[in-house]
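# Secondary and tertiary structure notes
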Amino acid sequence: MPKMAKSQLAIAIACVFASAPVLAQQEEQQQTEQQAEQQQEVERIQVTGSRIRTDGMDEATPVQVIQAEDAITQGFTNLGDLLQSSTIAAGSGQVTSAISSAFVADGGSGVNTLSLRGLGANRTLVLLNGRRAGPAGTQGAVSAFDLNVMPLAAIERIEILKDGASSLYGSDAVAGVVNIITKKGDASSVDINMSQPMDDGGETMRLSATLGRTYDKGSFRVVADYNLQKELANGDRDFFQCGQRYAFDPETGERTDNVDPRTGDYHCSDLPWGHVWIYDYSTGGLVTTRAQYDYDGDLGNYIPRFNQDPNSPDYMATEPGWPEGWYQVGYDNASDAVDNQDHPFQDRESLIPRQEKITLYGQGDYLLTDDVTLYAEALLNRRTTEINGYRQFWSYKYNENFYAGDPLSEGWTGAQWLSPTPITDHADDEIVVDYRRFVVGANGYLGEWFWDFSIQDSHSDGDYTSDVIYDDAISPYNFASGSCEGTVTPVRGVDCVDVPWLDPDFLAGDIPQNVRDFMFGRETGNTVYKQRTAEGYFSGDLMELPAGIVGAAIGAQYQTDEIVDTPAEVTRIGNAWGSSSAGITQGKSNSRAVFGEIQVPVLADLPFAERLDFTGSARWTDVSTYGSDTTYKMGLNWLIGEGFRIRATRGSSFRSPALYELFLNSRTSFPSQRSIDPCVDWANQLEQGNISPTLAANCEADGLPGDHVAGSISATFFESGGAENGIKAETSVSEVIGFVWIPESVDFAFSADYFNIEIDDEVTSLSPANIVYGCYNSENFASEPLCEQFTRDDTDNRIDEIFGGYLNISEQINRGIDFNVNYRTATPIGDLSFRYEHTVQIEASRKLLPTSDPVDYTGEIGNPKHVGVLTTELRYSDWTFNWTARYIGDGDNYERFGNGEFDNTASYRGEESIVKLDVPSVFYHAFSANYDFDNGFSTTVGVANAFDREPPLITGISGITTRRGNSAFYSQYDWLGRRVFLNLSYDF
């Protein structure tokens, strides 16, 4: 048999001492002992976490192995869902296609990444068959591998190294390493997979075909895959449709929400629409209020005519003049109850976007000689993501007779100026990313030493197209005193059109075509990311000691990365209203590295030491954009006896700043005061329960009046890459100590591993709202460093300038324990197996700046202390039955709301209410059955989220919770509801 020909046994034992299939390790141990009698030379393989080729039976580093076929039995249709449901990921927020579409995410909208331990996708290294796979995505912040590019049909298993490994794999392997291993062998199949929720929306369909063949001198495999995820809109699920205040009476427990008399249900509080914000100077000061049009002709049945209530805090001393049909809202319970904040556009917004993926994958190898094998891989993928959205936009206008006056404000008179705020569904996005990756290489034996050399080239080319509102259709005409017709806009040079800002239909989103043509457009930007890697290493035996053979590996790597992000011209010239201006982000880096690893058997065949091994590795890396650094890793693997094993590792890692973190082109944006200043009307906001007492106290301590007004002049936010600020690489230390027990007398296995990862000088960027809210939410307001990052104007207290960009923060710590239990037994019915994985998170803290206090997020919503996965399988004849139960622990944000102290009360219009800032533990169950026919056909049918568990309900408080409707909006929860799934397969 040629030295490079891998047996099925070798492939199986590559997974041993992995956290998930510890039981499989025991089986393979027994098989190895039996085969050892028949062959003297045990075949060597390479396990994720080491470059030394061993028999695979003595690895000390905890590795979790996930089989790709688990996705079919659990109802998952893509790699991202499968990995993000694992316990190493489910204890923290993950970037799914929905999350990346709802919020700004690195990699752009629709991206799907994996963040091990919640430490960030750019601190999780992803390998494909043991080699780097370049990032994919759009916009400037591309740095992580997009799981969308790899289809399940091509994957056999995924090995997850659960501690830092920079000394072996280089930069980015801070939280761990994910190694995607593709299928090999002769297996060929055609698969059809469908998933259908009980309610419309969110359906998926996957078609795939794979052909594999092996020959005396080589093998090949090709895979074609089509995957369609249909859109899930907000309105497709009742629990996402209408966000209410969701507060309760302290005595009775009954809801204290206002009831909208027009619907008879609790008032919906999503995005205010169709209002005219009024800034009144009639009292000598500045008072703000909102006017709402009576679209249904019945507001007069519920609230008084505009400015007819002298008791209103927003009453205007000088009687204004308003057109018919306008009413004042948002000043007491009755007017709050009829405040328009639930537009039909909201129901049509994408929650899970429509996403189409087409993938071709091929791999092959050829035995050139008995000692040399050539190999190659090719991956081509196109992802198209479509997102429907909606938004507000606004202008500023004088009343008809205030200051210079504006005749276009006919009928609006008094000592006020206005800010009409329409709503529009012109807020859609389309992302198309073409990704390709090629690998060529060779490996073989030079004497008794194994060698491998490969070149990897990946290329991501993505277009991101977005609806835009032209700034030169709005900003130049703020506070204008008449018609603009007959002039041209200052940027585009097109004929100006008078916008009917005060027309009720326009405010409600019914925009005339000529105005749409004047105000609206569509722009396309492009992002290209290239990565090339050349790597080679040798692995073999150095010498033989009394306790065994000393193994070693040595190698070198060279890598280049390049990014060019070219925003659309509208963005580059700053003509996109409500968006930042941005230039071209362009940067390049190259890195060189040499590394070595050694495994030394210290003791063997002694009492209480059947085997004791030491492993050590070191790596020197030089990055052109950072400099050089050395990382190390040491490990002990102590087989005590009777199946008891203790394993421990300690290693250092580093992550050089990503290209976008260094070279992000200077961005200037102009966020509105409303969107960034938490102190606006803080006294009333505290009374309504919308902000915490700590925030209100800090606003007061800053000298801001309780009725502080959001000025009309936007703030200026400056953001740029960190190269000019001198950011440096992150460093980290990872420690793992574990215990494994695999008794010989029963098919049972248990492991427990304590992990502790500490990151220093973490690189991050803070948004304008993060900076300002972080200042005023601080328990140490007087010394909070974030308060130094912005200024206020002395004349009107508005926020003037905010300074952001990428910087090194102080530290991040993640500690916990991974438990794994496996059991298998033969029953009269069939072979029954159980596997349970559980992670206890002890600490997940972050310290922003050296003078800041660390904040521990463990046990909060989205960061549960406990997560677990139970997998049960019964094999009977040609049938296989599966039951999977995912456990998400409870959590609460009461201490965050109370800034370190438990607080569950909030005041609304002077009345105290109880807020719900906790979620219960949740179990999600999936059941499936598979039948294998004799003719090559097989079918799997099942139900996911079998008991139709909805996301838990919580109170929405800005900066404290994240939700859609009344539902917690975190990646751990199922948004689709109960669904049936079907997989049809034909093997040939």
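The name given to the chain in an unreviewed UniProt entry is TonB-dependent receptor, with Idiomarina aquatica as the source organism. Listed under Sequence similarities (unreviewed entry) in UniProt, the entry text for the chain is "Belongs to the TonB-dependent receptor family." Under the UniProt heading Subcellular location (unreviewed entry), the note attached to the chain is "Cell outer membrane".

It is worth spelling out the sheet that holds strand E27 (residues 581-582) at this point. Read across the open sheet, the 5 strands follow the order E27-E32-E33-E38-E37; overall the sheet is mixed. The open sheet is flanked by E27 and strand E37 (790-792), the only strands paired with a single partner. Pairing of E27 with strand E32 (residues 667-669), which is carried by 2 bridges, proceeds in the antiparallel orientation. Across the sheet, the residue bridging to Ala582 is Arg667, located in E32.

Turning next to the nonpolar core. Judged by nonpolar contacts, the single largest core of 36 residues is most densely connected at Leu79, Leu83, Phe145, Met150, Val178 and Ile180. Other than its neighbours up to four places away in sequence, Phe145 contacts Asn112, Thr113, Val126, Ala133, Gly134, Pro135, Met150, Ile180 and Tyr435. Core analysis: the next-biggest nonpolar cluster, separate from the first, contains 28 residues, Tyr279, Phe393, Tyr396 and Trp577 among them.

Now for a nonpolar patch on the surface. Where nonpolar side chains cluster on the molecular surface, the patch consists of Val190, Phe933, Phe937, Tyr986 and Phe988 and spans about 460 Å² of accessible area. Its location among the elements puts Phe988 in the segment after strand E53 (979-987). With a relative accessible area of 45%, Phe988 lands in the partly exposed category.

Buried within helix H18 (residues 768-776) are the following residues: Pro768, Ile771, Val772, Tyr773, Cys775 and Tyr776. In this fold, the buried residues of H18 make contact with helix H15 (673-676), helix H17 (693-701), strand E33 (716-719), E37 and strand E38 (799-803).

Mapped onto the elements of the fold, Asn148 is located in the loop between strand E3 (131-132) and strand E4 (155-161). In this structure Asn148 comes out as buried when scored by relative accessible area, which is 5%. In this structure the side chain of Asn148 is engaged in a polar contact, spanning 2.9 Å, whose partner is the side chain of Asp146. Residues within four places of Asn148 in sequence aside, it is in contact with Gly110, Val111, Asn112, Gln355, Lys357, Asn381 and Arg383.

Quick look at the state of the cysteines now. Under the definition given, this model contains 4 disulfides. At a sulfur-sulfur separation of 2.0 Å, the disulfide partner of Cys484 is Cys496. Between Cys484 and Cys496 the sulfur-sulfur dihedral comes to about -85°; the bridge is accordingly left-handed. Within this pair, whereas Cys484 is found in the loop between strand E24 (449-469) and helix H11 (504-507), its partner Cys496 is found in the loop between E24 and H11, the two being separated by 12 residues in sequence. There is no split in this pair, since Cys484 and Cys496 are both buried. Covalently, Cys775 is tied to Cys787 through a disulfide, its sulfur atoms 2.0 Å apart. Given an S-S torsion of about 100°, the disulfide between Cys775 and Cys787 has right-handed geometry. Of this pair, Cys775 sits in helix H18 while Cys787 sits in the loop between H18 and E37, and the two are 12 residues apart along the sequence. Going through the chain in sequence order and numbering each bonded cysteine, the pairs you get are 1-2, 3-4, 5-6, 7-8.

In spatial order, the strands read E1-E4-E5-E2-E3; together these 5 strands make up an open sheet with mixed pairing. Where the open sheet ends on each side, the last strands, each with one partner, are strand E1 (63-67) and E3. In this sheet, strand E5 (residues 176-182) lies alongside strand E2 (residues 124-128) in parallel orientation, the contact comprising 5 bridges. Residue Val126 lies in a different strand from E5, and its bridge partner there is Val178.

By the definition in use, this model includes 11 cavities of 30 Å³ or more. In this structure, the largest cavity encloses a volume near 730 Å³. Lining of the largest cavity is provided by 40 residues; of these, Phe76, Asp81, Asp974, Leu976 and Arg979 occupy positions nearest its centre. Counting residues per element, the ones that place at least two in the lining of the largest cavity are helix H4 (79-84), helix H5 (87-90), helix H6 (97-102), strand E8 (218-229), strand E17 (354-369), strand E44 (879-888) and strand E49 (922-932). The residue makeup of the lining of the largest cavity, split by class, is 12 nonpolar, 23 polar and 5 charged. Considering only enclosed or pocket space, the second largest cavity measures out at about 490 Å³ in volume. Surrounding the second largest cavity, 34 residues form its lining, Arg132, Asp172, Gln531, Gln559 and Asp561 being those nearest its centre. Counting residues per element, the ones that place at least two in the lining of the second largest cavity are E2, strand E25 (520-545), strand E26 (548-566), strand E28 (585-606) and strand E29 (609-623). It is E28 that contributes the most residues to the lining of the second largest cavity, 5 residues altogether. Within the lining of the second largest cavity, the residues separate by chemical class into 13 nonpolar, 15 polar and 6 charged.

The next point concerns unusual backbone geometry. Even without being a glycine, Asn129 presents a positive backbone phi close to 55°. Along the polypeptide, Asn129 turns up in the loop between E2 and E3. One non-glycine residue, Asp761, adopts positive backbone phi at about 60°. Mapping Asp761 onto the fold places it in the loop between strand E35 (748-760) and strand E36 (763-765). On the accessibility criterion, Asp761 (23% relative accessible area) is partly exposed.

A cluster of acidic side chains, namely Glu779, Asp853, Asp890, Asp892, Glu895 and Glu901, defines a negative patch on the protein surface. Note that Asp853 resides in the loop between strand E41 (831-847) and strand E42 (855-856). Given the relative accessible area of 47%, Asp853 is considered partly exposed.

Here we take up the packing of aromatic side chains. Inspection of the entire model under this criterion finds 42 aromatic pairs. On the basis of an interplanar angle of 65° and a centroid distance of 5.0 Å, the ring pair of Trp326 and Trp412 is categorised as edge-to-face. One end of the pair, Trp326, is in strand E15 (residues 326-329); the other, Trp412, is in the loop between strand E20 (397-398) and strand E21 (416-421), with 86 residues separating them in the sequence. The same class applies to Trp326 and to Trp412, which are both buried. Feature note: the residues Tyr279, Tyr396, Tyr398, Phe402, Tyr403, Trp417 and Phe479 constitute an aromatic cluster, connected by ring pairs. One residue, Arg290, lies across the ring of Trp277, its end atom 5.5 Å from the ring centre. Sitting above the plane of the Phe518 ring, Arg492 keeps its charged end 5.5 Å from the centroid.

On to the pattern of salt bridges. Counting across every chain of the model gives 41 salt bridges. Across the pair Asp425 and Arg348 runs a salt bridge, and its minimum N-O distance is 4.0 Å. Within this pair, whereas Asp425 is found in the loop between strand E22 (423-424) and strand E23 (429-446), its partner Arg348 is found in the loop between helix H10 (344-347) and strand E16 (350-352), the two being separated by 77 residues in sequence. The exposure class of Asp425 is partly exposed, given its relative accessible area of 29%. By relative accessible area, which is 45% here, Arg348 ends up partly exposed. In the salt-bridge network here, residues are joined through shared partners; they are Arg123, Arg655, Glu661, Glu730, Glu762 and Arg846.

Moving on to the side chain of Asp257. Here Asp257 lies in the loop between strand E10 (247-248) and strand E11 (259-260). Accessibility expressed as a relative area gives 7% for Asp257, which makes it buried. Within the structure, Asp257 has its side chain in polar contact with the backbone nitrogen of Arg245 (distance 3.2 Å). Looking at Asp257, its side chain comes within polar contact range of the main-chain nitrogen of Ala247, at 3.0 Å. Ignoring anything within four residues of it in the chain, the contact list for Asp257 reads Gln244, Arg245, Tyr246, Ala247 and Tyr266.

Inspection of the sheet shows strand E18 (residues 372-387) paired to E23 by 16 bridges, in the antiparallel sense. When the bridges of E23 are listed, Val372 appears paired with Gly444. In this sheet, E24 lies alongside E23 in antiparallel orientation, the contact comprising 18 bridges. In the strand pairing of E24, Gly441 is matched with Ser454.

Next up on the list: H17. When we look at burial in H17, the residues that qualify are Thr694, Leu695, Ala696, Asn698 and Cys699. Buried residues along H17 sit against helix H16 (682-687) and H18.

Criteria and cut-off values
- Residues numbered from 1 in each chain as written.
- Predicted model: local features only at pLDDT ≥ 70, side-chain atom pairs only at ≥ 80, totals over all residues.
- Heavy atoms only, no water.
- UniProt positions renumbered as here; feature names shortened; annotations may be inferred.
- Pairing = 2+ DSSP bridges.
- Helix = DSSP H or I, 4+ residues; strand = E, 2+ residues; numbered from the N terminus.
- Core = buried A, V, L, I, M, F, W, Y, C linked by side-chain atoms within 4.5 Å.
- Buried < 20%, exposed > 50% of the residue type's maximum accessible area, 1.4 Å probe, protein only.
- Contact = heavy atoms within 4.5 Å.
- Patch = residues over 30% accessible without salt bridge, like charges linked within 9 Å, V, L, I, M, F, W, Y side chains within 5 Å.
- Areas by Shrake-Rupley, 256 points an atom, 1.4 Å probe, with all protein chains shown as cover.
- Salt bridge = Lys/Arg side-chain N within 4 Å of Asp/Glu carboxyl O.
- Polar contact = N/O pair within 3.5 Å; in protein donor to acceptor, adjacent residues only side chain to side chain.
- Disulfide = S-S within 2.5 Å.
- 1 Å grid on protein atoms, 1.4 Å probe; cavity = no way out; pocket = protein on both sides within 12 Å on 5 of 7 lines; lining within 4 Å.
- Points joined across faces, edges and corners; volume = space filled by probe spheres on them.
- Nonpolar A, V, L, I, M, F, W, Y, C, P; charged D, E, K, R; others polar.
- Lys, Arg positive; Asp, Glu negative; His and termini not counted.
- Charge placed at Lys NZ, Arg CZ, Asp CG, Glu CD.
- Phe/Tyr/Trp six-rings, centres within 6.5 Å; stacked < 30°, edge-to-face > 60°.
- Lys NZ or Arg CZ within 6 Å of the ring centre and 35° of its normal.

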